[in-house]
Amino acid sequence: MKVCSLRLHGFRNYDTAEASFADGINVISGRNAQGKTNLLEAVYLLSGGRSFRTRFDREMVGFSAPFSEVCAEIFAAERTQQLRILMQPGRRKQIWQNGARCTGGELGETVNTVLFSPDDLNLIRDGAAARRRLLDLAISQLRPGYARLLRDYRRLYENKSRLLRDYRGDPSLPDTFEAFSDEMARISAKLIRYRASFTRRLSAAAAPVHREFSGSGEILEIAYRTVSTVSDPEGGETQIYQEILAHQSAHRQAELATGNCLTGAHKDDLEICINGRPARIYASQGQTRTAALSIKLAEREIFLAETGEYPVLLLDDVLSELDAQRQSFVLNRIGGGQTLITCCEDEQIIRKTGGRVLFVENGCIR
C-alpha cells in the first residue's frame, strides 16, 4: 500500500501543488508553518475522508479558495487506483474512487494510515479523550461502520447535553431526553465492543515492541475501562446495553443536578501500565515516550495483520522530539512499507532516514 502521487488545489495553504512519493521513506522538510503537516493531513484524508485535526471540512478549504480538492494515485490491493476528494463550504464532501462516487467508509477499505504526531508523545499522561481518540482513529479505518456509529453517538451526546443544560427553564424537558439516553446506550454497546476488542489486540502487539524498545524487558499492558456496570466489554451487545441502562438509571438524578452526561462510551479510557504500575502516575518522561511509540508501532502491526499490507505511516515532526536511541529504534522498525516523515531543516535527521526529501516552503513543494 502506498501513495504514488498527490495533487492539491485550495487545500489549507496550498493553492496548487503536486508531489510524488517513493516507496519507502519520504522526508518532508521545511521551516515551521510552511505546510508540512497540511501535506500529511491531505494524505491522511485518503484513508476514510476524515482529518486528524478537525471535524469540519470547511477548515481544510483555503481562505481565498472556493473549494478544496485532493487527488491521488495510490497503489493498494495489488493495483493502481485514482482517488479524488472535493470539499466546498456549505456542501457535503464528495469522494470518488476510480471515477465512481463512494463513501468515506469505502475509501477507508482501500487506504490505511497510521499517524504519529508530537501530541501522541503525551498519550500516556494526557486525559482520557486523547486515548479515546487513538481508538477512534484506528478503528474507523479497520471497521467502516464504526465511524458512522461514532458520528451518531456524538450527535446524540450533544443533543442530550443541550437538554440537560436547558431543562431548568422547562421542567418538562427531562422526559424528552429519555429517547436520547436509550439510543446512546444502544450505540455505546456497539462502540464498547469494538473498542474492547481492538484494545486487546493492541496490548498483545505493543508488549513485545515495548519490551525490545525499553532495552530492560519492561512489561507494557493496556486495559480497556468503560462504564462500571459493564461486566464484559466484549460480551453480548444486548447484555452491555442492559448494563448501561442500569448505570443510566442510577445516575439520572446526578445528571439532572450537574447538567452533564454521566453514562456512555464518551467516558471510556485506556489504563496503561508498565511493570504493573499505572504509567500515567509513575512512568518517567522516557518511559512515557517509549510506551507511546510502542503503541503506535503496534497499531501499524495490527493493520498489517488485518489487511495484509503495511499502512502508510505518517510521522509528524516526531523524530526531533526523540533522543538518538529512540530515533534509531523507530527508523529500524519502519521498514517494509511507505513512510512520510515531516521535520524542520535538520540535516542530521534527514541523513539518518536515508529517504527521498521533499522541501516545503509557503505551500510550494519541490
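Residues numbered from 1 in each chain as written. Predicted model: local features only at pLDDT ≥ 70, side-chain atom pairs only at ≥ 80, totals over all residues. Heavy atoms only, no water.

Things to note about the sheet that holds strand S15 (residues 364-365)
Quick note on the threshold: The pairing criterion is simple: DSSP has to find at least two bridges between the two strands. In this description a helix means any DSSP run of H or I spanning at least four residues, a strand means any run of E spanning at least two, and both kinds are numbered starting from the N terminus.
Taken in spatial order, the six strands line up as S8-S12-S13-S3-S14-S15 in an open sheet, and their pairing is mixed. Single-partner strands in this sheet number two, and they are strand S8 (113-116) and S15. By the bridge criterion, four bridges tie S8 to strand S12 (residues 312-316) in an arrangement that is parallel. Counted as the bridge partner of valine 114 is leucine 313 from S12.

Side note on the pattern of salt bridges
Here is the rule we go by: In the sections that follow, a salt bridge refers to a side-chain nitrogen of Lys or Arg positioned within 4 Å of a carboxyl oxygen of Asp or Glu. For each residue, the accessible area found with a 1.4 Å probe, counting protein chains only, is set against the maximum for its type, and the residue is called buried under 20%, exposed over 50%, and partly exposed in between.
Per the stated rule, a full pass over the model turns up 23 salt bridges. Between arginine 12 and glutamate 41 there is a salt bridge, with the nearest N and O atoms lying 2.8 Å from each other. Taken together, the residues span a long stretch of sequence, with arginine 12 in the loop between strand S1 (2-11) and strand S2 (14-20) and glutamate 41 in helix H1 (residues 36-45) at a distance of 29 residues. You can call arginine 12 partly exposed: its relative accessible area is 22%. Taking relative accessible area as the criterion, glutamate 41 reaches 0% and is therefore assigned buried. A salt bridge links arginine 186 to aspartate 182; its shortest N-O distance comes to 3.1 Å. Of this pair, arginine 186 and aspartate 182 both sit in helix H6 (residues 178-214), four residues apart, which is roughly one turn of that helix. Note on aspartate 182: relative accessible area 25%, which makes it partly exposed. One salt-bridge network, held together by shared partners, links Arg12, Glu41 and Arg53.

What about the packing of helix H3 (residues 128-142) against helix H9 (residues 285-307)?
In plain terms, the rule: Note on geometry: axes are lines fitted to C-alpha atoms, helical ones only across the stretch in contact, with angles between N-to-C directions running from 0 to 180 degrees. An angle counts as roughly parallel when it lies under 35 degrees, as roughly antiparallel when it exceeds 145, as roughly perpendicular when it falls between 65 and 115, and as oblique in every other case. In this scheme the crossing of two helices becomes right-handed for a clockwise turn of the near helix relative to the far one and left-handed for an anticlockwise turn of less than a right angle. Any pair of residues with heavy atoms lying within 4.5 Å of one another is described as a contacting pair. Residues were grouped as follows: Ala, Val, Leu, Ile, Met, Phe, Trp, Tyr, Cys and Pro as nonpolar; Asp, Glu, Lys and Arg as charged; and all remaining residues, including Gly, as polar.
Two elements in contact, H3 and H9, have axes separated by 11 Å at closest approach and are oriented at 15°. For the element pair H3 / H9, the angle class is roughly parallel. For the pair H3 and H9, the crossing hand works out as right-handed. Packed against H3, whose contacting residues are Leu134, Ala138, Gln141 and Leu142, the element H9 presents Ile295, Lys296, Glu299, Ile302, Phe303 and Glu306 at the interface. A per-class count over the contact of H3 with H9 returns six nonpolar, one polar and three charged.

Quick look at unusual backbone geometry
Even without being glycine, asparagine 275 reaches a positive phi, approximately 55°. Its location among the elements puts asparagine 275 in the loop between strand S10 (269-274) and strand S11 (277-278). For asparagine 275, a relative accessible area of 46% translates into the label partly exposed. Positive phi values are uncommon outside glycine, yet aspartate 317 reaches one of about 55°.

Some thoughts on the environment of glutamate 78
Relative to the helices and strands, glutamate 78 resides in the loop between strand S4 (68-76) and strand S5 (79-87). Residue classification places glutamate 78 among the exposed residues on the basis of a relative accessible area of 74%. Each C-alpha atom of the pair glutamate 78 and methionine 1 lies 8.2 Å from the other, and the pair is 77 residues apart in sequence.

Quick look at the packing of H3 against H6
Closest axis-to-axis distance for the H3/H6 pair is 10 Å, and the angle between their directions is 95°. In terms of orientation, H3 and H6 fall into the roughly perpendicular class. Contact residues: H3 offers Arg132, Leu134, Leu135, Asp136, Ala138, Ile139 and Leu142, while H6 offers Tyr194, Arg195, Phe198, Thr199 and Leu202.

With respect to the packing of aromatic side chains
For any two aromatic rings, the description comes down to two numbers: the centre-to-centre distance and the angle of the planes. Put simply, the rule is: Between rings of Phe, Tyr and Trp, where Trp is taken as its six-membered ring, a pair exists when centres lie within 6.5 Å; planes separated by under 30 degrees are stacked, by over 60 edge-to-face, and by other angles tilted. Cation placement over rings: the criterion is NZ of Lys or CZ of Arg within 6 Å of the ring centroid and within 35° of the ring normal.
Overall, the coordinates contain three aromatic pairs when judged by the stated rule. Consider the rings of tyrosine 44 and phenylalanine 52, whose centres lie 5.4 Å apart with planes at 80°: the pair is edge-to-face. Among the residues examined, tyrosine 44 registers a relative accessible area of 2% and is labelled buried. For phenylalanine 52, a relative accessible area of 9% gives the class buried. Taking the centre distance of 3.9 Å and the plane angle of 5° together, the rings of phenylalanine 213 and phenylalanine 329 count as stacked. On the criterion of sequence distance, the pair formed by phenylalanine 213 in helix H6 and phenylalanine 329 in helix H10 (residues 324-333) is long-range, its members being 116 residues apart. Pair check on accessibility: phenylalanine 213 and phenylalanine 329 agree, each one buried. Between arginine 84 and the ring centre of tryptophan 96, over which it is positioned, the NZ or CZ distance is 4.4 Å.

Some words on the nonpolar core
Heads up, the condition is: The nonpolar core is taken to be a set of buried Ala, Val, Leu, Ile, Met, Phe, Trp, Tyr and Cys residues, with the residues joined through side-chain atoms within 4.5 Å.
Counting 64 residues, the largest nonpolar core has Leu191, Phe198, Leu202, Ile272, Ile295 and Ile334 as the members making the most contacts within it. Top contributing element to this core by residue count: H6, with 12 residues. In contact with isoleucine 295, other than residues within four places in its own chain, are Leu123, Ile124, Leu134, Leu202, Ala206, Leu220, Ile222 and Ile272. If you look at the next biggest cluster of nonpolar residues, it comprises 38 residues, including Ile28, Ile74, Met87 and Val360.

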